[in-house]
Amino acid sequence: MKKTFTPLLWALMLIFSASLSAQDSLFISEVADPGDEWAARFIELYNAGSEAIDFNTTEVHLVKQTNGGNLSDHQLVGTITAGGAYVIARDSADFRSFFGFDPNDDNGNFNTNGDDGYFLYTGGDNTTGTLIDAYGVIDEDGSGMPWEYEDSQALRAGGITIPNAVWTASEWEITPADVVDFTPGTHDTTKVEDLAAPVWEAGYPKIENIIDTAFDLVLKLDETSTVYGVLLLSGQPAPTVEEVKAGTGAGGAAPVTGGSFVAGTQETVMTIDENLVVETSYDAYLVAEDDEAVPNVQAAVVHIEVTTVVVPDLLLMADFENDLTPFTQISIVGDQDWYKSVYSGNGFAKISGYAGSAQDNDDYLISPAINLDGSTDNEFSFDNAMNFSGPGLQVLISTDFSGTYDSTSVVTATWIDISSNFAYSTGSYAWQASGAFDLSAYTGNVYIAFRYLSNPTDGAATWEVDNFKVTGFIAAGSDATLSDLQIDAATIDGFDPATLNYVIELPAGTTGVPPDVTVTATDAAASINTVDATDLAGDAAARTTTVTVTAADGTTTQDYTILFNPILEVANLGELRAQADDTRKYVVTGEVLLTYHQSYRNKKYVQDATGGVEIDDEPGVITSTYDVGDGITGITGTVEEYNGLLQFKPTADPGVATSSGNAIVPTVVTPAQVNASIDTYESTLVQLQSVTITEADGTTEFGNGDNLELNGVAESMVLRVHFYGTTLTGTVIPDSAHVTGIVLEYNGAAQVSPRSADDVEELTAVVVSTDAALSDLQVDGATVSGFSPALLSYVVTLPQGTTVVPTVTATTADANATLDITPATDLAGDEAARTTTLLVTAEDGTTTKTYVVVFQLAVSVGNELFNMVSVYPVPAMDKLYIDQAQEIRTITVLSITGAAVMQVENRGSARMTIEMGSLQNGIYMLRLENEQGSGLVKVVKQ
């Protein structure tokens with residue numbers, strides 16, 4: 001916690017009203033985050049009044065605020081007795097397993113991790129009710145604050161009998177604790193008299209961050225206290241305890257500055273910046289007094305010496321708030337790269353070589369050229385954080401790197417490893433200041449690189465880098481910095497002479513002349529050259545204005561860049577996914593539909609006809625509330641990939657729903673379809689029908705974070721219980737089911753996550769059809785004569801002269817069967833060329849049937865007596881057929897020489913069959929005869 005040291009004494013007020021007994025006597029008595037078991041977390045309330053409070057008639061809400069952002073409301077039910085406690089657990093079953101009895105209530109959202117606040121309201125929720133008690137500060141993230149309780153017990157101090165709407169440190173005792181240290185359901189209001197004076201924790205008080213006219217005073221004590229202090233010029237007599245409390249030096253002398261403030265068991269940082277002079281020595285005198293009714297004051301004054309210094313110039317600053325610039329990422333080995341990431345509103349450079357497992361990677365993050373000739377006493381520093389096991393972060397320096405940012409130039413340059421000169425994070429993403437590295441041994445241009453390595457043997461740690469700074473004292477005449485940088489006559493937000501690269505967002509649709517850039521050099525003798533952006537709709541180079549400052553010495557230069565980024569308009573989520581540039585902001589102009597939302601990181605899943613996306617809103621930017629089926633128009637934000645899943649980070653609240661009650665119909669898919677096209681289905685609602693779950697055994701239940709094997713006919717995929725605390729958790733895993741859920745992606749692997757137990761429709765048995773029959777077979781839109789599902793082979797006669805192969809279509813008897821049609825290729829060819837084949841595969845994936853349609857051309861007899869007769873196939877093989885033959889009495893087969901080789905009599909049949917198998921291949925004539933005459937037909941046997 002950081003405050004400004006002033007001469008005023010902080011005043012804390014108790015705020016409460018007296019309209020209900022709950023407002024007089026009900027308060028939060030304990031907040032629990034056991035260090036050894038997160039599942040045992042709970043919140044305890046206490047009724048210090050003489051009457052029971054019935055929550056069914058007295059409306060009381062407990063509201064949790066996550067990291068100072070998203071609010072989760074819970075209305076209390078039941079009764080709390082007079083002088084009794086009321087426990088709300090994260091989960092009833094877990095609580096019972098740890099403490100042996102049932103809590104009064106539970107809520108899966110109350111899964112606190114040490115930095116979430118709790119607030120008690122009567123008469124309504126946080127928007128309509130009255131705040132009566134608070135643990136924490138509204139809209140404040142508890143990390144590093146006096147009320148942080150990670151792995152600890154926050155217990156209301158004895159003697160407290162009324163609620164307090166302002167969190168007050170003296171009312172709470174926060175100590176590290178495990179499950180065994182908690183006794184939920186009981187609360188002792190007896191006040192223990194404190195007769196001991198406050199004691200400074202080891203190493204405190206101390207001085208940090210000394211600059212030209214300010215420094216930080218860092219405090220930590222064993223109890224909440226008022227700290228009195230005075231600052232005197234060095235060498236003046238030391239004041240007494242009473243004089244420090246009075247705010248004077250010895251004998252009543254006026255101090256440089258002085259006053260009092262509250263500090264306690266959490267580290268408190270006070271910035272002392274009143275009346276200080278550069279390069280001057282001071283003596284700080286401090287004394288602490290506790291907050292008992294009869295205060296206990298320290299017997300002796302603490303004395304600390306401090307001297308202000310001349311602050312070096314900041315030559316280069318990279319905070320990675322917008323992107324990686326001015327650094328450049330170069331990958332030598334592997335698919336994982338350095339990228340810009342954000343957590344709790346802070347941007348930083350990040351890399352992890354883990355993708356399902358530790359991968360081989362060698363990646364550099366390289367600074368721009370840093371010229372050291374125009375300054376003295378140069379040094380650089382950075383902050384770093386890490387997690388997981390793997391090779392350490394390397395810090396390298398080069399004097400011969402060419403400045404060409406490609407892999408060849410990087411590996412051919414000489415890089416000196418200076419990693420051992422810095423302090424590094426020990427894990428858990430804890431930030432660590434590296435300490436400064438002296439650059440006095442270097443001249444000219446140098447390049448600093450952060451090198452990341454990972455491999456399957458040593459592992460893949462995650463490393464983060466932030467606040468890279470190069471400092472030094474700029475020599476006279478070599479100052480090439482700007483003192484001001486303005487756009488349209490207004491200084492750029494966050495302008496700093498050492499920050500060289502800026503990104504300026506412009507309204508959507510901006511395409512005109514770039515904004516007017518005006519600059520002022522720190523040294524009036526320096527010269528400036530500005531090259532304006534040329535095309536706001538172009539690439540990054542075209543959208544960039546570059547300002548080059550040349551120092552008075554004529555050689556030292558510095559480039560400042562301003563990248564203009566108009567917000568990009570996309571009509572739908574498909575266009576958003578297709579572009580997905582993590583350096584730009586987007587507005588989706590079309591309406592999207594909400595399919596699911598959860599309190600964790602305020603995540604929402606939305607989709608339209610073109611795709612879906614996960615909205616990750618950890619800061620709580622979207623304040624409007626929506627229900628599933630609501631339409632939302634104009635979502636605005638940036639995109640980022642997290643383990644392969646595209647996330648949309650909102651930057652504005654889109655406002656009230658533009659429609660409601662829209663039906664969300666899941667797309668019916670198979671695991672094979674999802675696996676083959678994850679991006680098509682990612683973040684959309686799908687249904688996988690008639691699937692089995694490997695882990696089902698009749699008793700095993702779904703658990704938070706489970707990854708289960710979901711089996712379709714041909715492939716499997718992961719069913720993940722990604723949404724914690726829903727009705728799905730704790731239900732028995734079925735053997736088979738229709739599973740509905742949101743499609744997720746994790747490092748290239750598809751997952752589906754049900755939203756609740758309703759999304760898993762248990763089936764009594766999975767019946768996989770073996771039906772491979774057709775229910776209809778058509779040629780050019782007409783059902784084939786004589787079609788029957790059991791008949792697999794058909795002959796279709798076509799008019800003489802037909803050359804275009806007819807279109808064959810069919811319908812499977814089972815809708816889940818698949819059909820593959822191979823058309824005939826040549827009606828004048830052999831039988832194989834004249835055959836269309838239809839392969840039907842049943843739902844079981846193995847049972848098949850093959851139907852064939854053989855096309856043949858009719859042959860005209862050439863005699864009016866027989867003009868209705870058709871002869872086929874031509875050429876013939878074993879059999880020759882004659883249709884419409886009822887007028888024919890005799891058919892004689894003649895050789896090419898005219899000799900009769902076969903004769904067939906007809907007794908009125910419409911179809912005659914000539915057995916040609918015994919005949920040699922060649923040309924034959926058929927003589928067709930009846931009472932009125934005869935006709936000849938030429939046929940070929942092959």
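## So, the overall build of the protein chain
And step 1. On a plain count of helices and strands, the protein chain comes out with seven helices and 69 strands.
And step 2. For 942 residues, the compact-globule estimate of 2.2 N^0.38 gives 30 Å, and the protein chain exceeds it by more than 25% at 41 Å.
And step 3. Based on the C-alpha atoms only, the size of the protein chain along its principal axes is roughly 150 × 85 × 50 Å.
And step 4. Expressed as a percentage of its 942 residues, the buried residues of the protein chain come to 48%.

## Observations regarding the pairing of strand S43 (residues 591-597)
Remark: a regular strand shows side chains that alternate across the two faces of the sheet.
And step 1. Along S43, five of the seven residues are buried, which leaves the element largely enclosed by surrounding structure.
And step 2. Here S43 pairs with strand S44 (residues 604-608) via four bridges, running antiparallel. In the sheet register, Tyr596 faces S44, and the bridge partner there is Tyr605.
And step 3. The hairpin turn running from S43 into S44, its antiparallel successor, is six residues long, and Arg601 in that turn takes a positive phi close to 55°.

## Quick word on the packing of aromatic side chains
And step 1. Evaluation of the coordinates by the stated rule reveals 34 aromatic pairs.
And step 2. A centroid spacing of 5.8 Å and a plane angle of 80° characterise the contact between Phe42 and Phe182, whose relative ring orientation is edge-to-face. One end of the pair, Phe42, is in strand S3 (residues 42-47); the other, Phe182, is in the loop between strand S13 (172-176) and strand S14 (206-208), with 140 residues separating them in the sequence.
And step 3. For Phe42, a relative accessible area of 0% corresponds to the buried category.
And step 4. Centroid distance Phe95 to Phe99: 4.8 Å. Interplanar angle 45°. Geometry classified as tilted.

## What to know about the nonpolar core
And step 1. Grouped together as the largest cluster of nonpolar side chains are 55 residues, with contacts concentrated most on Trp338, Phe380, Phe450, Phe468, Ile562 and Phe564.
And step 2. If we ignore the near neighbours within four places in the chain, the residues touching Phe380 are Val395, Ile418, Phe422, Gly435, Ala436, Phe437, Leu439, Ile448, Phe468, Lys469 and Val470.
And step 3. Grouped together as the second largest cluster of nonpolar side chains are 25 residues, Ile28, Val31, Trp172 and Ile174 included.

## Some words on the sheet that holds strand S17 (residues 257-263)
Whenever strands of a sheet pair, they do so through backbone hydrogen bonds, lying parallel or antiparallel.
And step 1. Reading across from one edge, S17-S16-S19-S20 is the order of the four strands in this open sheet, with antiparallel pairing throughout. Bordering the open sheet on either side are S17 and strand S20 (302-307), each of which pairs with just one other strand. When the angles between neighbouring strand axes are averaged without regard to direction, this sheet yields 25°.
And step 2. Of the strand pairs in this sheet, strand S16 (residues 225-233) and S17 are connected by seven bridges, and their pairing is antiparallel. When the bridges of S17 are listed, Gly229 appears paired with Gly259.

## Comments concerning the environment of Tyr881
And step 1. Looking at the element boundaries, Tyr881 is found in strand S64 (residues 879-883).
And step 2. Its relative accessible area of 24% is what places Tyr881 among the partly exposed residues.
And step 3. Between the alpha carbons of Tyr881 and Leu45 there is a distance of 96 Å; along the sequence they are 836 residues apart.
And step 4. Leaving out residues up to four positions away in the same chain, Tyr881 has contacts with Ser870, Val871, Tyr872, Pro873, Arg911, Met912 and Thr913.

## Details of a nonpolar patch on the surface
And step 1. On the surface, Ile210, Ile211, Val309 and Val311 cluster together into a nonpolar patch covering about 260 Å² of accessible area.
And step 2. The topology assignment puts Val311 in the loop between S20 and strand S21 (313-318).

## Describing the sheet that holds strand S60 (residues 818-822)
And step 1. What the four strands build is an open sheet, ordered S58-S62-S61-S60; its pairing is mixed. Strand pairing shows two members of the sheet lacking a second neighbour, strand S58 (793-798) and S60, which therefore form its edges. Strand-to-strand twist of the sheet, defined as the mean angle between neighbouring strand axes without regard to direction, takes the value 15°.
And step 2. The sheet contact formed by S60 and strand S61 (residues 835-841) spans five bridges and is antiparallel. Counterpart to Thr818 in the pairing with S61 is Thr841.

## Re the confidence of the model for the protein chain
Should pLDDT be low for a region, the predicted coordinates there are not to be read in detail.
And step 1. On average, residues of the protein chain score 90 in pLDDT, and 96% of them are at 70 or above.
And step 2. Long-range and interchain partners of residues 1-20, a stretch whose pLDDT sits below 50, account for 54 contacts in this model, where long-range means more than four residues apart.

## Let's talk about unusual backbone geometry
And step 1. Going from Tyr204 to Pro205, the amide bond is cis rather than trans, its omega being -10°.
And step 2. Of note, the bond from Thr325 into Pro326 is cis; its omega dihedral lies within 30 degrees of zero at 10°.
And step 3. If you trace the backbone, Pro326 turns up in the loop between S21 and strand S22 (328-333).
And step 4. You will see that Asn275, though not glycine, has its phi angle at about 70°, which is positive.
And step 5. Along the polypeptide, Asn275 turns up in the loop between strand S18 (268-272) and strand S19 (281-290).
And step 6. According to the relative accessible area criterion, Asn275 is exposed, its value standing at 51%.
And step 7. The backbone phi angle of Asp488 is positive, close to 50°, even though this residue is not glycine.

## Observations regarding helix H2 (residues 92-99)
And step 1. Along H2, the residues classified as buried are Ser92, Phe95 and Phe99. Down the axis, H2 shows its buried residues gathered within 65° of arc, on one side only.
And step 2. Those residues of H2 hidden inside the fold are in contact with S3, strand S8 (85-89) and strand S9 (105-106).
And step 3. Downstream of H2 by a residue or two, Gly100 has a phi angle that is positive, lying close to 80°.

## A word on the side chain of Arg543
And step 1. Residue placement: Arg543 occurs in the loop between strand S38 (527-531) and strand S39 (544-550).
And step 2. Despite its burial, Arg543 remains without a salt bridge, the nearest opposite charge being carried by Asp581 at 5.8 Å.
And step 3. Here the side chain of Arg543 touches Gly538 through a polar contact of 2.8 Å, landing on its backbone oxygen.
And step 4. Discounting chain neighbours no more than four positions away, the residues touching Arg543 are Ala533, Asp535, Leu536, Gly538, Ile562, Leu563, Phe564, Asn565, Pro566 and Arg584.

## Brief notes about the side chain of Thr545
And step 1. By the element assignment, Thr545 lies in strand S39.
And step 2. Of the residues examined, Thr545 reaches a relative accessible area of 0% and is grouped as buried.
And step 3. There is a polar contact of 2.9 Å between the side chain of Thr545 and the backbone nitrogen of Ala533.
And step 4. In contact with Thr545, other than residues within four places in its own chain, are Val517, Thr530, Val531, Asp532, Ala533, Tyr560, Thr561, Ile562 and Phe564.

## Describing a negative patch on the surface
And step 1. A grouping of Asp36, Glu150, Asp151, Asp178 and Asp181 is seen on the molecular surface, where their side chains present a negatively charged patch.
And step 2. Tracing the backbone shows Asp181 in the loop between S13 and S14.
And step 3. Taking relative accessible area as the criterion, Asp181 reaches 43% and is therefore assigned partly exposed.

## Digging into the environment of Ser478
And step 1. Along the chain, Ser478 falls in the loop between strand S33 (462-474) and strand S34 (482-487).
And step 2. Expressed as a C-alpha distance, the spacing of Ser478 and Asn126, which sit 352 residues apart in the sequence, is 58 Å.
And step 3. Those residues in contact with Ser478, other than ones at most four positions away along the chain, are Gly374, Ala551, Asp553 and Thr556.
And step 4. A distance of 2.7 Å separates a polar side-chain atom of Ser478 from the backbone oxygen of Ala475.

## Side note on the pattern of salt bridges
And step 1. Taken as a whole and judged by the stated rule, the model has 19 salt bridges.
And step 2. A salt bridge links Asp33 to Arg41; its shortest N-O distance comes to 2.7 Å.
And step 3. Its relative accessible area of 12% is what places Arg41 among the buried residues.
And step 4. The structure contains a network of salt bridges with shared partners spanning Asp133, Arg156 and Glu171.

## Comments concerning the environment of Glu51
And step 1. With respect to the secondary-structure elements, Glu51 resides in the loop between S3 and strand S4 (53-54).
And step 2. On the basis of relative accessible area, Glu51 is assigned to the exposed category, the value being 55%.
And step 3. Glu51 sits 32 residues away from Gly83 along the chain, and the two C-alpha atoms are 8.2 Å apart.

Thresholds, definitions, all that
- Residues numbered from 1 in each chain as written.
- Predicted model: local features only at pLDDT ≥ 70, side-chain atom pairs only at ≥ 80, totals over all residues.
- Heavy atoms only, no water.
- Helix = DSSP H or I, 4+ residues; strand = E, 2+ residues; numbered from the N terminus.
- Rg over C-alpha atoms; globule rule 2.2 N^0.38 Å.
- Buried < 20%, exposed > 50% of the residue type's maximum accessible area, 1.4 Å probe, protein only.
- Pairing = 2+ DSSP bridges.
- Phe/Tyr/Trp six-rings, centres within 6.5 Å; stacked < 30°, edge-to-face > 60°.
- Core = buried A, V, L, I, M, F, W, Y, C linked by side-chain atoms within 4.5 Å.
- Contact = heavy atoms within 4.5 Å.
- Axes fitted to C-alpha atoms, helices over the stretch in contact; angles between N-to-C directions.
- Patch = residues over 30% accessible without salt bridge, like charges linked within 9 Å, V, L, I, M, F, W, Y side chains within 5 Å.
- Areas by Shrake-Rupley, 256 points an atom, 1.4 Å probe, with all protein chains shown as cover.
- Salt bridge = Lys/Arg side-chain N within 4 Å of Asp/Glu carboxyl O.
- pLDDT = per-residue confidence, 0-100.
- Arc of directions from axis to C-beta.
- Lys, Arg positive; Asp, Glu negative; His and termini not counted.
- Polar contact = N/O pair within 3.5 Å; in protein donor to acceptor, adjacent residues only side chain to side chain.
- Charge placed at Lys NZ, Arg CZ, Asp CG, Glu CD.

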